[in-house]
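Letter by letter, the chains look like this.
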Amino acid sequence: MKRIAVFTSGGDSPGMNACIRSVVRTGIYHGLDVFGILYGYDGMIGGNIKKMASHSVSNIVQRGGTILKSARSEGFRTKEGRKKAFEELSKHGIEGLVAIGGDGTFTGAKLFFEEYGIPTVGCPGTIDNDIYGTDYTIGFDTAVNTAMEAIDKIRDTAAAHDRIFFIEVMGRDSGYIGIECGIGGGAELVMVPETKTTIEDVVKSLKGLRKSKTSSIIIVAEGLPCGDAAQIMERVKASFNDEEKEFKVTTLGHIQRGGNPTAKDRLLGSRMGLAAVEGLLKGESNCMAGVINDQVVYTPFADCISKDKPLKNDYLRLQEILSI
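One structure accompanies this document, and this report is about it. (Residues numbered from 1 in each chain as written. Predicted model: local features only at pLDDT ≥ 70, side-chain atom pairs only at ≥ 80, totals over all residues. Heavy atoms only, no water.)

### What to know about the sheet that holds strand β9 (residues 246-251)
Basically, it comes down to this: In this scheme, strands are said to pair when DSSP sees at least two bridges between them. The numbering of helices and of strands both runs from the N terminus, where a helix is a DSSP run of H or I of at least 4 residues and a strand a run of E of at least 2. Note on geometry: axes are C-alpha line fits, over the in-contact stretch for helices, and angles between N-to-C directions span 0 to 180 degrees.
Ordered by their spatial adjacency, 4 strands build an open sheet running β7-β8-β6-β9, and the pairing between neighbours is parallel. For this open sheet the edge positions go to β7 (189-191) and β9, each flanked by a neighbour on one side alone. Shown here is a sheet whose adjacent strand axes are inclined to one another by a mean of 20°, direction ignored. Summarising the sheet, strand β6 (residues 163-169) and strand β8 (residues 216-221) pair through 6 bridges and their orientation is parallel. If you follow Ile164 over to β8, its bridge partner there is Ser216.

Written out as structure tokens, the structure is:
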């Protein structure tokens, strides 16, 4: 293998640039020609491919987002689109790929490998931390710290005005951001998809806390079946209609995706980028490079896509005990 390419796809996450930098410089260290594909699978189809040098990735390790840009590609979902992508890669003599992204990215990479056989190793880049085969994903730690900083500030005004705040965090169908923010931010209650907390549970909990606490923080993970933070707040508020209590809602949204990556995410992205390139050179393919118990492991894309990554029971128990 002499030529490889790296691309980012799907939602951006802090630490992707550290991973790109690691892929490029590890490849050069091993004597490879390294190419960057702009705008993910769309760029692959359109031939938006450029040769990378060591200086191409200078001064990016501290930056959020991705210098290779990202896009969701409808074209790559079609056989015609994937055929065009293969033709563009062949023009540049690219023999291996490093795909940085989440389950959607890996689903595309798996299908592409099955059809055209180009060896691909993935690096899990998503703030949701919902990918099976790694303890942490690139960007998760930064997202948690960004959310916690906001929660700390909201708690100041909640305490000053005796308010109950419902704070919505990202995570799609995974409660990892919610539970870590809840524990680290001292939340009175955390609602995540895994625990199936009901509106009645929230009302009961708040009424049980009211004698000792004049303000409360409730963390709400997005994607709950009972609604978003604003809808949940209105339903809970209706149960307190005979009392003077002020309810507020804050949706943190995409600020969790941006910002300078933490040291942990820079290191994680760097380790995974190196592992992806060296994995390709050792014959790894159609798999993801992850870190479990501080050791690099390679997990088949099929498992990354199909297997759930449950919340740690210790975290759920810790939140329950500390919120008393």
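From this point, things continue past the structure.
### Examining the packing of helix α7 (residues 199-209) against helix α8 (residues 229-237)
For the record, the criterion: Note on angle classes: values under 35 degrees are labelled roughly parallel, values over 145 roughly antiparallel, values of 65 to 115 roughly perpendicular, and the remainder oblique. Whether a crossing is left-handed or right-handed is set by the direction in which the near helix is turned from the far one by less than a right angle, anticlockwise for left-handed and clockwise for right-handed. What makes two residues a contact is simply this: any of their non-hydrogen atoms within 4.5 Å. Asp, Glu, Lys and Arg are counted as charged, while Ala, Val, Leu, Ile, Met, Phe, Trp, Tyr, Cys and Pro are counted as nonpolar; the rest, among them Gly, fall into the polar class.
Between α7 and α8, the shortest axis-to-axis distance is 10 Å and the interhelical angle comes to 60°. Comparing the axis directions of α7 and α8 gives the class oblique. Of the two elements, α7 crosses α8, and the hand of that crossing is right-handed. Facing α7, whose interface residues are Ile199, Val202, Val203 and Leu206, α8 presents Ile232, Arg235 and Val236. Its residues assigned to classes, the contact of α7 with α8 shows 6 nonpolar, no polar and 1 charged.

### Structural notes on the pairing of β8
Put simply, the rule reads: Partly exposed residues are those whose accessible area sits between 20% and 50% of the maximum for their type, while under 20% is buried and over 50% is exposed, using a 1.4 Å probe and protein chains only.
Counted residue by residue, β8 has 6 buried out of 6 residues, so it is predominantly covered. Covered by surrounding structure in β8 are Ser216, Ile218 and Val220 together with Ile217, Ile219 and Ala221, the residues of both alternating faces. Sheet analysis places β7 next to β8, joined by 3 bridges and oriented parallel. Within β8, the residue paired with Met191 across the bridge is Val220.

### Details of the sheet that holds strand β4 (residues 96-101)
Spatially, β3-β2-β1-β4-β5-β10-β11 is the arrangement adopted by the 7 strands of the open sheet, whose pairing is mixed. Two strands bound the open sheet, and with one partner strand each, they are β3 (49-52) and β11 (295-300). Going from strand to strand, the sheet's axes swing by 30° on average, the running direction of each strand aside. Sheet analysis places strand β2 (residues 33-37) next to β3, joined by 4 bridges and oriented antiparallel. Note on β3: the bridge partner recorded for Ile37 is Ile49.

Read these as spatial facts, not as claims about activity.
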